[in-house]
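A structural walkthrough
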Amino acid sequence: MTAIGPAGAGGRPAPPAPGGTAAGGRGVGTTARGSLFGLAGSAANALFGFVLVAVITHGLGARGAGAVFTGVAAFTILSNALKLGADTALVRFVSRDLELSGGAGVPGLLRISVLPTLLASAAGAAVLLCSPGLAGLLLPELDPGQAAALIRLFAVFLPVTTVALVLLGATRGYGSVVPFVGVEQIGKPAVRVLLAVPLALFAPSVAGLSAAWLAPGVLGAVAAFVSLRRSRRAHPGTGQPPPQTREFWAFAGPRAVSSVFDIAAAWIGVILLSVLGTGTDAGIYTAIGRLVTAGSLLQLAIRLAVAPQISRLLAGGDTHGARHLHGLSTRWIALFSWPVFLVLAAFPRTVLSLFGPGFDEGAAGLVVLAAACLVNVGVGNAQTVILMAGRSVWNLVVAGTAFAVQLGSGVWLVPRYGVLGAAVSWGLAVVVDNGASALLARYRLGFRTVDRGYRYAAVLGTVTVALPVFALRTLFGDSVPGALLGIVLAIGAFGAAVWRYRLPLGVGEFFGALRKRGSGNSP
């Protein structure tokens, strides 16, 4: 097992809190509150996103909306790639610096991270500004002049948006998810809707609605800067930390590449279906993707909150507290996420029919991805543990392997099986990525996933959710009455069981942390 335990601020190994109680308890409280706020932000983001799609589609029709969303997709991929992994690196290094020097090294970390990402994103913007032919490839249905103007519009906002994401990574390093959630998941989506509605009603245009999507990024950058400055003033630090440039970019470089794999994994199925299948298949697969993403909202919310806490505990030498926090947060994720995917697997046609006629043809694909996501949420945030322990190269190897599996199997399966083939290829990648990450976290870093509380969660989910929903599926088939009755019975049995076994499940610790703020929590 790889040892984890960086030196303390004085250069000697920092002794862990007895049993991990003090630091671990502080991490539990911050994680619990951050997870709850992050979940609310994710839900708000999903709601505003749905409204925005409806507004833009209504205002421009399918052709114009397609152009806007193509630009948004390309912009999102570029801005995330051109962060160069600095946002994740700042989460780790800022939280470590807070533990070791009280924040004295943060100004240096910002100097070595912000300028390279600014230069990289400016270079990316220059390429877009000077490549009218690229606009024609991305937006073939638009007039060439209109397509070039639209790409230039996105290029202008690329640097400020990219740098803002990096600054928000630094604010997460201070232990708070409020700036990130407030800007990325609530503020920007809400302002986009406020700007888009009057434009769609009175002056609909591709350029205008694209600008409505882009403009809130400037406000987001200002908010990120102000939030980071407040955090720095609250944690000025003491002493003179050593230079961290080489260590920082040794971590950020592999993470930059693995983040590209992560982004590509979300889009490759749609691309393969568009090229090797049909547009209808791509639409069905997109609907399935939205469902499995919705089922993972709790995991994503906890990931935002838990990452800096694990990094800070490891930096302070409290490996026990970090392991406890990972095990507890994994239990929460599995306990409350498994029921969602069990329902999706039991009633796939009923759920997909909510999107409209024809979408139920993706039922088999939804079952496959629901099964894969049971593995995903079942291992918790093992990738986060690996990254916060500084093993970004491990993360790169795992992400690259998973993407190769997805791409290779997808090229072979999609022409033969369509949506089901794309779902199988994605499901294989999910299992490879999460399974390998969990094994590395367990056997190389000592972070266990399965313990007594986890076994309680697994048995409880199987007995109280899987039994009623699949029993009702057998009796009533994949129908609305069966789904509604199964969900009602499952909620009742699940709620009663969670209350009965709240102590071994760690639910009492979660709500206890919400009621009582730890004395040392970051603001």
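Because the structure is predicted, anything quoted here is derived from the model rather than measured.

The subject of this paragraph is the packing of helix H12 (residues 319–346) against helix H18 (residues 452–476). Remark: H12 packs on H18, axes separated minimally by 9 Å, with the N-to-C direction vectors making an angle of 15°. The angle between H12 and H18 falls in the class roughly parallel. Classified by chirality, the crossing of H18 by H12 is right-handed. Here Thr 330, Arg 331, Ala 334, Leu 335, Trp 338, Pro 339, Leu 342, Val 343, Ala 345 and Ala 346 of H12 lie close against H18, whose contacting residues are Gly 453, Tyr 454, Ala 457, Ala 458, Leu 460, Gly 461, Val 465, Ala 466, Val 469, Phe 470 and Arg 473. When grouped by side-chain class, the residues that make up the contact of H12 with H18 number 16 nonpolar, 3 polar and 2 charged.

Taken as a whole and assessed by the stated rule, the structure comprises 6 salt bridges. Ionic pairing is found between Asp 87 and Lys 83, a salt bridge with its closest N-O pair at 2.7 Å. Of the charged contacts, one joins Arg 312 and Glu 99 as a salt bridge, the two residues approaching to 3.0 Å between their closest N and O atoms. One end of the pair, Arg 312, is in helix H11 (residues 297–315); the other, Glu 99, is in helix H2 (residues 86–101), with 213 residues separating them in the sequence. Residue class for Arg 312 comes out buried when judged on its relative accessible area of 16%.

Take the side chain of Asn 376 next. As for its placement among the helices and strands, Asn 376 is situated in helix H14 (residues 363–378). Its relative accessible area of 13% is what places Asn 376 among the buried residues. Setting aside its immediate chain neighbours within four residues, Asn 376 contacts Ser 296, Gln 299, Val 430 and Asn 434.

With that out of the way, let us pick up a nonpolar patch on the surface. Residues Ile 77, Trp 267, Ile 271, Val 275 and Leu 276 make up a contiguous nonpolar surface patch of roughly 450 Å² in combined accessible area. Among the elements that line the nonpolar patch, the one with the most residues is helix H9 (residues 245–276), at 4 residues. Summarising the element assignment, Trp 267 is placed in helix H9. By relative accessible area, which is 38% here, Trp 267 ends up partly exposed.

When the terminal C-alpha atoms of helix H6 (residues 178–202) are compared, their 35 Å separation across 25 residues agrees well with the 36 Å that a helix rising 1.5 Å per residue should span. Among the residues making up H6, those that are buried are Pro 179, Phe 180, Val 181, Val 183, Glu 184, Gln 185, Lys 188, Pro 189, Arg 192, Val 193, Ala 196 and Ala 200.

With that settled, consider the packing of aromatic side chains. Applying the stated rule across the entire model yields 10 aromatic pairs. Here Phe 336 and Phe 494 contribute two aromatic rings whose centre-to-centre distance is 6.0 Å and whose plane-to-plane angle is 80°, an arrangement assigned as edge-to-face. You can see Phe 336 sitting in helix H12 and its partner Phe 494 sitting in helix H19 (residues 480–500), a full 158 residues away along the chain. Given a relative accessible area of 36%, Phe 336 falls into the partly exposed group. Between the aromatic rings of Tyr 456 and Tyr 501, the centroid separation amounts to 5.5 Å while the plane-to-plane angle is 45°, which identifies the pairing as tilted. Placement of Tyr 456 in helix H18 and of Tyr 501 in the loop between H19 and helix H20 (502–505) is noted, with a sequence separation of 45 residues between them.

Next up on the list: the environment of Ala 65. Within the fold, Ala 65 resides in helix H1 (residues 21–81). For Ala 65, a relative accessible area of 3% corresponds to the buried category. Through-space distance from the C-alpha of Ala 65 to that of Leu 209 is 9.0 Å; in sequence the pair is 144 residues apart. Other than its neighbours up to four places away in sequence, Ala 65 contacts Ile 56, Thr 57 and Leu 60.

It is worth spelling out the confidence of the model for the protein at this point. Scored by pLDDT, the protein comes out at a mean of 83, with 89% of its residues at no less than 70. Confidence drops under pLDDT 50 across residues 1–24; counting only partners more than four residues distant or on other chains, this segment forms 48 contacts. Residue range residues 517–523 is modelled with pLDDT below 50. Its contacts to residues more than four positions away, or to other chains, number 12 contacts.

Calculation rules
- Residues numbered from 1 in each chain as written.
- Predicted model: local features only at pLDDT ≥ 70, side-chain atom pairs only at ≥ 80, totals over all residues.
- Heavy atoms only, no water.
- Axes fitted to C-alpha atoms, helices over the stretch in contact; angles between N-to-C directions.
- Helix = DSSP H or I, 4+ residues; strand = E, 2+ residues; numbered from the N terminus.
- Parallel < 35°, antiparallel > 145°, perpendicular 65-115°, else oblique.
- Left-handed = near helix turned anticlockwise from the far one by under 90°.
- Contact = heavy atoms within 4.5 Å.
- Nonpolar A, V, L, I, M, F, W, Y, C, P; charged D, E, K, R; others polar.
- Salt bridge = Lys/Arg side-chain N within 4 Å of Asp/Glu carboxyl O.
- Buried < 20%, exposed > 50% of the residue type's maximum accessible area, 1.4 Å probe, protein only.
- Patch = residues over 30% accessible without salt bridge, like charges linked within 9 Å, V, L, I, M, F, W, Y side chains within 5 Å.
- Areas by Shrake-Rupley, 256 points an atom, 1.4 Å probe, with all protein chains shown as cover.
- Expected span 1.5 Å × (residues − 1).
- Phe/Tyr/Trp six-rings, centres within 6.5 Å; stacked < 30°, edge-to-face > 60°.
- pLDDT = per-residue confidence, 0-100.

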